[in-house]
Amino acid sequence: MLWGVASMLLAIGLWALVVLTIEPPSYVLPAPWDVILRAWKDWALILSQGTSTVGEIVAGLVLSAVIAVPFGVFIVAIPVVDKLVYPILIAFNSIPKVALAPLFVVWFGYGIFPRVLITVSIAFFPVLVSTVTGLKSVDPDILRLARSMRAQSRQVFLRVRLPNALPSAFAGLKVATSLAVIGAIIGEFVASDRGWGYMLVQASGSLDTPLMFAVVICLAVVASLLFYAVDVAERSVISWHASHRQ
Amino acid sequence: MALPAAGRASRDWNPAFISLEQIGKTFATDDGEVTAIEAATLSIRQGETVALIGPSGCGKSTLLMLMAGLLSPTTGHLTIEGQAVTSPRKDLAVVFQRDLLFDWKTVLGNVLSPFELRGEPRSLHVQRARELLAHVGLQGFEDRRPYELSGGMRQRVALCRALIQDPSILLLDEPFAALDALTREQMQLDLQRLSAEQPRTTVLVTHDIVEAVFMSDVVVVMTARPSRIRRTIVIDLPRPRTVHTRNLPGFGDHVAEIHRLFTELGVIHG
Ligand SMILES: Nc1ncnc2c1ncn2[C@@H]1O[C@H](COP(=O)(O)OP(=O)(O)OP(=O)(O)O)[C@@H](O)[C@H]1O
Ligand SMILES: [Mg+2]
């Protein structure tokens, strides 16, 4: 925590130093204090636009997890689905999802739905792939052990495969957290009249660089907090995993 | 009907309980076939403790997996009570060479996991699980996770997880390898005591000649790969074995005999 604050201060210090020595025009690189003053002037606007962006990020992330994890279980539990559907999903995953955003606008217009959809389409796959990988990567000796105990396959799935997949699923969820932020912003670039993504486009049009900096910083803060929340959840759910032992 | 104490006298009339006839096992690998076991013939009688001893990689674990019904032999016949072994029997428990504890379960949860995995209620066995853990010196560790335990403690949990199933066939793959000499000796005595409560056929893989002689009614000496059974030695020391057993003249003789065999085989050389 202390180191986090220190490195933050260092970054701001360097930024200020660059501005003071090079003295770039404010629309290229505003000084830290310019950004703070700009944010102060329009804090109500930033906050109100932020709620819609943060809402999309959180909704997109939660939906991704809630759909991808059971779907991964479904894929691994039924071998036919695994063979038939998984390759399609992997193929779909290789599409750059940003390219779909204009298509979603055509289909669903400018509401919150297409924006959340874009977010989900980006954040969904890492959760799915890592869940599937986790479910499949059980130590074969553990499966042998279960067989020697004459375990029911349903119990093996619930009590061995599922807990075994949790660390991997959480790793996927962390990747998805960063991607959800990207998804929401892209959605607002393309399909919105509100939100921080929309504000960025507007501010860019009027060369309001200090406002753009303020919004980007807000986004970074939100993304960090979200990542931290997932990390806390992970710690409490898989405290037994190597990554969390002291 | 034979009890562990039956010893040599009963071996002649006592029928085989576990019977291996010309068992061979070949693994297909990327670099061609690996013959782990060439032709193993062996009979194990009910209630006996049999030790498999041999150099590393000679196929001891493989032989145990075959008896467990977790692998099938490439050649030969393997029967238990006259029935071909195709899958793990109901009355069998295995302790693997690696402890294979479930990281996400507590120590108690690990010991109770066989019932859970069979979809049976655990509650009937909680008391017994605690007793077993106390027996092996793990009282107070019931709610710890495996990563908080030492290698030897983990192996003891794995042993409890097998014993709680009260198997009539217990297959142990180097269960004491990770223990220090003192704990190991205690565990050897404990296992004998825990097994004496109910007649049980035990097959124990070990690297340790002294352990093999101390624990067993029969020691099976295996050669290096592709492995064969070199000799089966009947250990006619009185039961129960105690801390004084090691001082018996017969004990040292058996240890020396097996040692000499390994020297002849070139496993140990000066
Ligand atoms: N699944 C497998 N695939 C290929 N080869 C295998 C497999 N399992 C065992 N082997 C080979 O079979 C041989 C016997 O292995 P095994 O594990 O039974 O030896 P071991 O006597 O138990 O050795 P150790 O005392 O070191 O545990 C080894 O050479 C090993 O490489
Ligand atoms: Mg082995």
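Residues numbered from 1 in each chain as written. Chains lettered and ligands numbered in written order. Predicted model: local features only at pLDDT ≥ 70, side-chain atom pairs only at ≥ 80, totals over all residues. Heavy atoms only, no water.

(A) Main features of helix H8 (residues 249-264) of chain B. All names here are of chain B. For H8, spanning 16 residues, the distance from its first C-alpha to its last is 23 Å, which sits close to the expected 22 Å at 1.5 Å a residue. Of the residues making up H8, those classed as buried are Phe-251, His-254, Val-255, Ile-258, Leu-261 and Phe-262. Down the axis of H8, the buried side of the element spans an arc of 120°, and every buried residue falls inside it. Opposite the buried face of H8, by more than 90 degrees, sit the exposed residues Pro-249, Asp-253 and Glu-264. At its buried positions, H8 is contacted by strand E3 (49-53), helix H7 (209-215), strand E9 (218-222) and strand E10 (227-234). Downstream of H8 by a residue or two, Gly-266 has a phi angle that is positive, lying close to 80°. (Helix = DSSP H or I, 4+ residues; strand = E, 2+ residues; numbered from the N terminus. Expected span 1.5 Å × (residues − 1). Buried < 20%, exposed > 50% of the residue type's maximum accessible area, 1.4 Å probe, protein only. Arc of directions from axis to C-beta. Contact = heavy atoms within 4.5 Å.)

(B) Summary view of the site of ligand 1. Residue and element names in this part refer to chain B. Around ligand 1 there are 14 residues in total, and Ser-56, Gly-57, Lys-60, Ser-61 and Thr-62 lie nearest to it. Residue Ser-56 places a side-chain N or O atom 2.5 Å away from an oxygen atom belonging to ligand 1. Measuring from an oxygen atom of ligand 1, one finds a backbone N or O atom of Gly-57 at 2.8 Å. Protein contacts shield 68% of the accessible area of ligand 1, which totals 630 Å² for the unbound molecule. Secondary-structure elements contributing two or more residues to the shell around ligand 1 are strand E1 (16-29) and helix H2 (60-68). In terms of residue class, the shell around ligand 1 is built from three nonpolar, eight polar and three charged. (Near = heavy atom within 4 Å. Polar contact = N/O pair within 3.5 Å; in protein donor to acceptor, adjacent residues only side chain to side chain. Areas by Shrake-Rupley, 256 points an atom, 1.4 Å probe, with all protein chains shown as cover. Nonpolar A, V, L, I, M, F, W, Y, C, P; charged D, E, K, R; others polar.)

(C) Seen up close, the coordination of the magnesium ion (ligand 2). Around the magnesium ion (ligand 2), the protein supplies Ser-61 of chain B (OG) and Gln-97 of chain B (OE1) as donor atoms, at distances of 1.9 to 2.3 Å. Residue Ser-61 of chain B is located in helix H2, and its partner Gln-97 of chain B is located in the loop between strand E6 (92-95) and helix H3 (107-117); the two are separated by 36 residues in the primary sequence. (Donors = N, O, S within 2.8 Å, 3.2 Å for Na, K, Ca; no water.)

(D) Inspection of the pattern of salt bridges at higher detail. Counting across every chain of the model gives 28 salt bridges over all chains. When the shortest N-O distance is used, the salt bridge between Arg-128 of chain B and Glu-131 of chain B registers 3.9 Å. Taken as a pair, Arg-128 of chain B and Glu-131 of chain B lie in helix H4 (residues 126-135) at a separation of three residues, close to a single helical turn. We classify Arg-128 of chain B as partly exposed; its relative accessible area is 27%. A single salt-bridge network, built from bridges that share partners, covers Asp-139, Asp-141 and Arg-144 of chain A together with Arg-98 of chain B. (Salt bridge = Lys/Arg side-chain N within 4 Å of Asp/Glu carboxyl O.)

(E) Structural view of the nonpolar core. Ranked by internal contacts, the top residues of the largest apolar core, which has 90 residues, are Ile-18, Leu-63, Met-67 and Leu-171 of chain B. The element that contributes the greatest number of residues to this core is helix H8 (residues 153-190) of chain A, accounting for eleven residues. Taken domain by domain, this core gets at least three of its residues from each of domain 1 (1-91 + 170-180 + 200-270) and domain 2 (98-166) of chain B. Leaving out residues up to four positions away in the same chain, Leu-63 of chain B has contacts with Leu-20, Ile-37, Ala-40, Leu-52 and Met-222 of chain B. Of all hydrophobic cores here, the second largest spans 48 residues; its members include Leu-112, Met-187, Leu-204 and Ala-212 of chain B. (Core = buried A, V, L, I, M, F, W, Y, C linked by side-chain atoms within 4.5 Å. Domains from an automatic or database assignment.)

(F) Representation of the domain arrangement of chain B in the model. Residues and elements named next belong to chain B. Domains assigned within chain B are domain 1 (1-91 + 170-180 + 200-270) and domain 2 (98-166). A separation of 26 Å is found between the C-alpha centroids of domain 1 and domain 2. Tallying the contact residues gives seven residues for domain 1 and eight residues for domain 2. Taking both sides of the interface into account, the surface hidden between domain 1 and domain 2 amounts to around 600 Å²; carbon and sulfur atoms contribute 68%. Counting across the interface, domain 1 meets domain 2 through one salt bridge. Between Arg-200 and Asp-166 there is a salt bridge; the shortest N-O distance is 3.0 Å. (Buried area = accessible area lost by both parts, 1.4 Å probe.)

(G) View of the sheet that holds strand E5 (residues 83-84) of chain B. Residue and element names in this part refer to chain B. Spatially, ten strands are ordered E5-E4-E1-E2-E10-E9-E3-E8-E7-E6 in an open sheet, and the strand pairing comes out mixed. Of all the strands in the sheet, just E5 and E6 have a single pairing partner and so form its edges. Looking at chain direction, E6 and strand E7 (residues 169-173) are connected through four bridges and run parallel. Across the sheet, Val-94 pairs through a bridge with Leu-171, a residue of E7. (Pairing = 2+ DSSP bridges.)

(H) Structural context of the confidence of the model for chain B. Residues and elements named next belong to chain B. A residue-level look at chain B finds 94% of positions with pLDDT of 70 or above and a mean pLDDT of 89. Within the model, pLDDT remains below 50 along residues 1-9, and this stretch shows eleven contacts once partners closer than five positions in the same chain are excluded. For this predicted complex, the interface confidence score (ipTM) comes to 0.88, while the overall pTM stands at 0.85. (pLDDT = per-residue confidence, 0-100.)

(I) Molecular detail of the pairing of strand E8 (residues 201-206) of chain B. Residues and elements named next belong to chain B. Most of E8 sits inside the fold, with six of its six residues counted as buried. Here E8 shows no split at all, with Thr-201, Val-203 and Val-205 on one side and Thr-202, Leu-204 and Thr-206 on the other all buried. Of the pairings in the sheet, the one linking E3 to E8 comprises five bridges and is parallel in character. In the strand pairing of E8, Ile-53 is matched with Thr-206. Here five bridges tie E7 to E8, and the two strands are oriented parallel to one another. Bridge assignment links Asp-173 to a residue of E8, and that residue is Val-205. Note on the crossover from E7 through helix H6 (residues 181-196) to E8: the handedness is right-handed. (Right-handed = clockwise from strand over helix to strand, strands pointing away.)

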